[in-house]
Amino acid sequence: ALYNFQQGLYNFNSTGNLDNAEVAIKKAINMDEQDLYYRSLTELYLIRLKNLLNNPPSVSREVLFGQLQTDLSVAAGSARRATELNGNNYMNWMSLGKVGEAVMPIRDTIAGAYDLAATSYGKALSLNPKNPNIYLSLAQLEAASGNVAKARDYLGQALERKSNFTAAYFLLSQIEAGQGNLASAIAKAEQAAVFAPGDVGILFQIGLLKYMNKDYSGAVNAL
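Nothing here was measured: the structure is a model prediction, and the numbers come from that model.

S.K.: Explanation requested: the packing of helix α9 (residues 166–178) against helix α11 (residues 200–212) in the structure shown.
M.R.: Two quantities define a packed helix pair, namely the angle between the axes and the distance from one axis to the other. Between α9 and α11, whose axes approach to 11 Å, the crossing angle comes to 25°. With respect to α11, the axis of α9 lies roughly parallel. Pair α9 / α11 crosses with left-handed handedness. Side by side, α9 and α11 meet where Thr 166, Phe 170, Ser 173, Gln 174 and Ala 177 of the first sit next to Gly 201, Ile 202, Gln 205 and Leu 209 of the second.

S.K.: When you look at the layout of surface pockets in this model, what are you seeing that I'm missing?
M.R.: It is the rolling of a water-molecule-sized probe over the atoms that shows where space remains empty. Within this model, the largest pocket holds a volume of roughly 560 Å³. Every residue lining the largest pocket is counted, 26 residues in all, and those nearest its centre are Glu 43, Leu 46, Met 94, Ser 95 and Lys 98. Only α1 (2–15), α3 (35–54), α5 (90–102) and α7 (132–144) provide two or more residues apiece to the lining of the largest pocket. In terms of residue count, the dominant contributor to the lining of the largest pocket is α3 (10 residues). A per-class count over the lining of the largest pocket returns 13 nonpolar, eight polar and five charged. The computed volume of the second largest pocket comes to approximately 190 Å³. In terms of lining residues, the second largest pocket is bounded by Leu 52, Leu 53, Pro 56, Arg 61, Leu 64, Phe 65, Leu 68, Ile 106 and Thr 109. Going through the elements one at a time, α3 and α4 (61–85) are the ones with two or more residues in the lining of the second largest pocket. A total of four residues in the lining of the second largest pocket trace back to one element, the largest contributor, which is α4. A per-class count over the lining of the second largest pocket returns seven nonpolar, one polar and one charged.

S.K.: Looking at this structure, how should I read the environment of Tyr 90?
M.R.: One can find Tyr 90 in helix α5. With 44 residues separating them in the primary sequence, Tyr 90 and Ile 134 have C-alpha atoms 9.4 Å apart. Not counting the four nearest positions on each side in its chain, Tyr 90 is found in contact with Ala 124, Leu 127, Asn 128, Asn 131 and Ile 134.

S.K.: Please clarify how the packing of helix α6 (residues 113–127) against α7 should be interpreted in this entry.
M.R.: In the contact formed by α6 and α7, the axes pass within 10 Å of each other and the chain directions differ by 165°. In this view, α6 runs roughly antiparallel relative to α7, as classed from their interaxial angle. As for how α6 packs across α7, the hand of that crossing is left-handed. Packed against α6, whose contacting residues are Tyr 114, Ala 117, Ala 118, Tyr 121, Ala 124 and Leu 125, the element α7 presents Ile 134, Tyr 135, Ser 137, Leu 138, Leu 141 and Glu 142 at the interface. Counted by class, the contact of α6 with α7 contains 10 nonpolar, one polar and one charged residues.

Cut-offs and rules
Residues numbered from 1 in each chain as written. Predicted model: local features only at pLDDT ≥ 70, side-chain atom pairs only at ≥ 80, totals over all residues. Heavy atoms only, no water. Axes fitted to C-alpha atoms, helices over the stretch in contact; angles between N-to-C directions. Helix = DSSP H or I, 4+ residues; strand = E, 2+ residues; numbered from the N terminus. Parallel < 35°, antiparallel > 145°, perpendicular 65-115°, else oblique. Left-handed = near helix turned anticlockwise from the far one by under 90°. Contact = heavy atoms within 4.5 Å. 1 Å grid on protein atoms, 1.4 Å probe; cavity = no way out; pocket = protein on both sides within 12 Å on 5 of 7 lines; lining within 4 Å. Points joined across faces, edges and corners; volume = space filled by probe spheres on them. Nonpolar A, V, L, I, M, F, W, Y, C, P; charged D, E, K, R; others polar.

Take a look at the structure:
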C-alpha cells in the first residue's frame with residue numbers, strides 16, 4: 001500500500017499526471033485504508049474541481065455540471081472517510097472544509113458549500129485552536145461569502161497567534177482594497193512585504209494598489 005501511495009505522490013507532484021496518481025492512490029486505499037491516503041485523493045479531486053471551474057472545457061452546461069458533481073462527490077466522500085478513520089486529526093477536517101470552500105464560487109448552484117466548509121473548519125479549530133492557518137481558512141471562507149467583518153476578525157485572531165503571518169496580511173490587504181480603503185490596503189501589503197521581501201505577488205499587489213492610489217513613483221518602485 002505504501003509503495004502504491006508513493007507512486008501516486010510521484011505522479012501527483014513530479015509528473016502532474018492526475019489519472020495515474022488516482023489509480024495508484026486508490027490501489028493503496030484498497031490495500032490499507034489510511035486517512036492520509038484519503039486526504040491525498042481529496043486534494044487530487046480538488047485540483048480537478050478547480051481546473052473545471054477556472055478552465056471549463058467546451059462542452060454543454062449539463063455535461064460540465066455533471067462532471068463537477070462527480071468530482072465534488074468523490075472529493076467530499078474521500079474527505080468524510082478520512083474523518084471517519086481518524087476524527088481527532090484536525091487535518092482531516094481541514095480537508096473536508098476545503099471541499100466546501102472550493103465550490104464557493106458556484107454556491108448558488110451547489111447547495112450547502114458554505115455550511116460544509118464552516119462546520120468542518122470549526123471542528124478543526126476545536127482540535128487545534130492555536131493553529132493560525134485554520135483562522136486564515138475561516139477568513140478566506142467568510143471573505144468569499146461576502147462577510148467582511150467576520151473575515152477581518154478571523155485574520156486578527158490569526159495574527160495574534162502568528163504576528164509575521166504573511167498570508168494573513170496579504171488577505172487583509174485584498175479585503176481593504178475591495179472595500180475601497182486603498183491607504184489601509186497598501187499598509188497591509190507593505191506589512192506583508194516586511195516578512196516576505198522577495199514575494200513577487202506581494203510586490204505586484206503593492207505596485208497595483210499604489211497605481212490605483214495615484215502614487216505612480218511608488219508603483220514604479222514596487223513593480
